Amino acid sequence: MKKFKYTVFSTNDNYYLYDGVSGNIFNIKDSIHNNHKELFECLENENIPTNENLISDYKEILEAVKIETMGKINTSSPCEYWFNIDDYKANFNKELKHLMIGITEKCNLRCKYCIYGGSYNTERTHNELNIKLETLKESIDIFFTTSKSDKKVINLYGGEPFVNFKGISYIVDYINKIDSNTQIYITTNGVLLKKDIMKWFSTNKNVHLFVSFAGIPSMHDELRLTVGGKPTYEVIKKNLLYLKDIDPTSYSTRINFIFNIFDEIQLPELQDYWAKDELFEHVDRMPEVTFIDCFDNDYIYGLREEILKKYDKRINPLLMYIELLKNGEHDNLIVKHYDEKLLRVHRSYTGNRNILTGVCRPFASKIFIDANGKLNLCENFTYGDKLGT
């Protein structure tokens with residue numbers, strides 16, 4: 001049986017198919033987009049569609065397979081890993097350098113799109129759990145005993161980590177007694193970063209913050225609300241500007257920003273916000289832009305559609321990207337986004353070899369310990385499967 005690895009997607013006016021084997025992207029008809037499951041089921045079983053309206057589409061895809069612009073997975077050949085397993089085992093301790101700890105499952109916000117907000121069936125929901133201090137200590141002890149890397153990184157994750165500031169301050173002090181060169185990263189919504197926490201941050205020079213926003217201020221306040229339903233942008237901005245005032249060096253070098261958005265159509269306004277707002281003056285690094293996961297989730301997808309109704313469909317960030325490149329304007333969020341996106345699309349055809357690939361090798365560089373003290377491959381795995389303690 002032939003197997004295909006593909007995904008279909010659409011823009012305002014066009015439909016596309018991305019082939020995960022060849023790396024090619026095809027501009028397709030709406031009929032292929034709407035009936036892709038039935039078409040590829042016929043292709044995999046080598047059956048002609050019984051629906052006559054699909055036959056021309058079936059032949060069109062079949063022709064792409066024949067001339068190898070679209071690839072198929074060869075299930076008769078043995079699978080290979082994209083890394084050498086013996087080297088992986090031999091160098092495990094040297095490569096393990098990143099420990100991520102779920103320090104709490106509490107959160108002070110109720111973001112409308114939150115993965116832990118109850119809309120994702122496979123994920124946990126908000127609760128009152130903090131990791132135990134003894135579990136924190138044991139996690140650090142095992143990590144420093146196991147890892148032989150000289151560039152160790154520890155990331156504290158939530159919930160909202162600063163809900164458990166007692167745990168944060170305890171573990172940072174403990175880590176610094178072992179090795180003060182270890183870099184510690186904390187992902188936060190920024191609401192709890194009051195003066196006492198900012199002063200603490202200022203004195204702990206190996207601690208870095210990733211502060212997340214849901215796009216521009218008005219969009220952020222629509223999507224990221226307190227438990228009581230209040231907007232949060234102005235609170236976060238006030239907290240950050242306080243740090244910028246008392247310790248501009250730490251602000252510019254150890255504060256990082258993440259923007260969560262739904263669609264590329266939001267990039268131009270995000271770039272304008274980034275270029276003009278005082279929050280981002282003299283910040284060393286450009287922000288990360290992440291896209292809110294709407295896959296197989298009707299509620300989040302409906303939220304996305306409501307948000308995108310606010311935007312002019314004539315906005316074309318890809319054309320803007322091309323013009324920016326022509327003008328030599330590279331310090332731009334649109335350029336950064338498309339540079340990274342097109343790099344990911346650049347994959348070579350694998351021929352007759354089955355390569356099991358991915359963004360990481362299990363436990364090769366990172367381990368995630370959740371607030372229950374359970375071991376996970378990483379924070380992106382669902383909370384249904386545990387690997388031990």
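Residues numbered from 1 in each chain as written. Predicted model: local features only at pLDDT ≥ 70, side-chain atom pairs only at ≥ 80, totals over all residues. Heavy atoms only, no water.

(A) Focus on the packing of helix H6 (residues 133-146) against helix H7 (residues 165-178). The contact between H6 and H7 brings their axes to 10 Å, and the two run at 30 degrees. Between H6 and H7, the angle falls in the class roughly parallel. You can see that H6 and H7 cross each other, and the crossing is right-handed. Here Leu133, Leu136, Lys137, Ile140, Asp141 and Phe144 of H6 come into contact with H7, specifically with Lys166, Gly167, Tyr170, Ile171, Tyr174, Ile175 and Ile178. Taken together, the residues that form the contact of H6 with H7 break down as 9 nonpolar, 1 polar and 3 charged. (Axes fitted to C-alpha atoms, helices over the stretch in contact; angles between N-to-C directions. Helix = DSSP H or I, 4+ residues; strand = E, 2+ residues; numbered from the N terminus. Parallel < 35°, antiparallel > 145°, perpendicular 65-115°, else oblique. Left-handed = near helix turned anticlockwise from the far one by under 90°. Contact = heavy atoms within 4.5 Å. Nonpolar A, V, L, I, M, F, W, Y, C, P; charged D, E, K, R; others polar.)

(B) Region of interest: the sheet that holds strand E2 (residues 15-19). Pairing in this open sheet of 3 strands is antiparallel, and the strands run E1-E2-E3 from one edge to the other. The open sheet has two free edges, formed respectively by strand E1 (6-10) and strand E3 (25-28), since each of these has just one partner strand. Within this sheet the neighbouring strands show an average axis-to-axis angle of 25 degrees, counted without direction. Taken together, the 5 bridges between E1 and E2 define a ladder with antiparallel strand orientation. Its bridge partner being in E2, Thr7 is matched across the sheet by Tyr18. (Pairing = 2+ DSSP bridges.)

(C) Quick peek at the sheet that holds strand E5 (residues 98-102). The 8 strands lie next to each other as E10-E9-E8-E7-E6-E5-E12-E13, forming an open sheet whose pairing is mixed. Whereas interior strands pair on both sides, the edge strands pair on one side only; in this sheet they are strand E10 (288-291) and strand E13 (375-376). In this structure, E5 lies alongside strand E6 (residues 153-157), joined through 5 bridges in parallel fashion. By the bridge assignment for E6, Gly102 is matched with Tyr157. Here helix H8 (residues 195-203) sits on the sheet in contact with strand E7 (183-188), strand E8 (207-213) and strand E9 (255-261), set at roughly 135 degrees to E8. Together, E9 and E10 form the strand contacts of helix H12 (residues 267-276), whose direction differs from that of E9 by roughly 155 degrees.

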